[in-house]
Amino acid sequence: MGNKINPLGFRLGFTQNHCSLWFEERDYSEDLREDERIYNCIENYVQHIKSSINSSYGGITRIEILKQTELISVNIYIAFVNLFIEKKGQEKKKKKDDEEEIKQLRKEVQNMLVQSMLDSVNRKLVISIEKVEKPYREPKILAEYIALQLKERVEIRKIMKKAIELAEKADVEGIKIKIKGRLNGIERARKESAMQGRVPLQTLRAKIDYCYYAVQTVYGVLGIKIWIFV
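Residues numbered from 1 in each chain as written. Predicted model: local features only at pLDDT ≥ 70, side-chain atom pairs only at ≥ 80, totals over all residues. Heavy atoms only, no water.

### Some points on the pairing of strand β2 (residues 60-67)
Successive residues of a regular strand alternate their side chains across the two faces of the sheet.
So, point 1. For strand β1 (residues 20-21) and β2, the ladder comprises 2 bridges, and the chain directions are parallel. Residue pairing in the sheet places leucine 21 in a bridge with leucine 66 of β2.
So, point 2. Bridge analysis of β2 against strand β3 (residues 71-78) gives 7 bridges, and the strand direction is antiparallel. Counterpart to isoleucine 63 in the pairing with β3 is isoleucine 76. (Pairing = 2+ DSSP bridges. Helix = DSSP H or I, 4+ residues; strand = E, 2+ residues; numbered from the N terminus.)

### As for the sheet that holds strand β7 (residues 208-217)
So, point 1. Overall, antiparallel pairing links the 4 strands, which are arranged β6-β5-β8-β7 in an open sheet. Among the strands making up the open sheet, the edge pair consists of β6 (190-197) and β7. Neighbouring strand axes in the sheet, compared pairwise and without regard to direction, differ in orientation by 10° on average.
So, point 2. Contacts from helix α5 (residues 139-151) reach β5 (174-181), β7 and β8 (220-229) within the one sheet, and its direction differs from that of β7 by about 25°.
So, point 3. Running over the sheet, helix α6 (residues 156-169) touches β5 and β6 and is turned about 25° from β6. (Axes fitted to C-alpha atoms, helices over the stretch in contact; angles between N-to-C directions. Contact = heavy atoms within 4.5 Å.)

### Quick notes on the nonpolar core
One broad rule of soluble globular proteins: the nonpolar side chains tend to lie buried together.
So, point 1. Formed by 26 residues in total, the largest nonpolar core has its most connected members in Ile146, Leu150, Ile177, Ile224 and Ile226.
So, point 2. When residues in this core are grouped by element, the largest group, 7 residues, is from α6.
So, point 3. In contact with isoleucine 146, other than residues within four places in its own chain, are Ile159, Ala163, Ile177, Ile179, Ile224 and Ile226.
So, point 4. Judged by nonpolar contacts, the second largest core, of 20 residues, contains Val46, Ile60, Ile78 and Ile129. (Core = buried A, V, L, I, M, F, W, Y, C linked by side-chain atoms within 4.5 Å. Buried < 20%, exposed > 50% of the residue type's maximum accessible area, 1.4 Å probe, protein only.)

### What about the layout of surface pockets?
Any empty space left between the atoms is revealed when a probe the size of a water molecule rolls over them.
So, point 1. Here the largest pocket is characterised by a volume of approximately 790 Å³.
So, point 2. Put simply, the parts of the chain that give the lining of the largest pocket at least two residues each are α1 (7-10), α2 (28-53), β2, α5 and β7.
So, point 3. It is β2 that provides the largest number of residues to the lining of the largest pocket, a total of 5 residues.
So, point 4. Per-class residue counts for the lining of the largest pocket are 10 nonpolar, 6 polar and 8 charged. (1 Å grid on protein atoms, 1.4 Å probe; cavity = no way out; pocket = protein on both sides within 12 Å on 5 of 7 lines; lining within 4 Å. Points joined across faces, edges and corners; volume = space filled by probe spheres on them. Nonpolar A, V, L, I, M, F, W, Y, C, P; charged D, E, K, R; others polar.)

### Concerning the environment of alanine 214
So, point 1. Mapped onto the secondary structure, alanine 214 falls in strand β7.
So, point 2. The partly exposed category is assigned to alanine 214, whose relative accessible area is 44%.
So, point 3. Contact partners of alanine 214, with chain neighbours within four places excluded, come to Val221 and Leu222.

Taken by themselves, the reported measurements are silent on function.
Next comes the structure, spelled out in structure tokens:
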């Protein structure tokens, strides 16, 4: 039973909140599709930037949507602002303040969403971007790091050991990593796991961050699961 329960959904109302907050009595399906379009627009924007700068890091840890009567607020939590600013072959500029970089990124994302969703969004759209101070405390960032190393065919246990070290430097209480698939090109699928510290998955009061990430390699698709006890 524990293998089939999402750790985040299991803790809703205790230590986790919904990423999308709104109330609708009649057109629930339309609001749900609107959320999906917002997520897809931002994800497509991230993929475009990643391809333009040849990077495997997405930088975005999570997206929160708050809908009101005449307003849609989209909060984007980002880890690596510089990856989005220095792109498309531009020369590296002098180091800017984080506030200026975030302001520029906010403007680009808002313009992209307004242009691509002109027919679907009837309310005012406000984009808010916050920088994550400790990126490697976020399971999605660690998963992207592991995915990059897997594509470069680094040894599995070495990857997990380095990821655990990065998480420990970010002051986490515990971390658990599982990787499954055709590891190192072996014909038969297998799984590797590593754990450091405490990860109390059955304790609802424990704040657990969880991420599942699929990575495409030359051997096939590998699955990465990360639990972090914050």
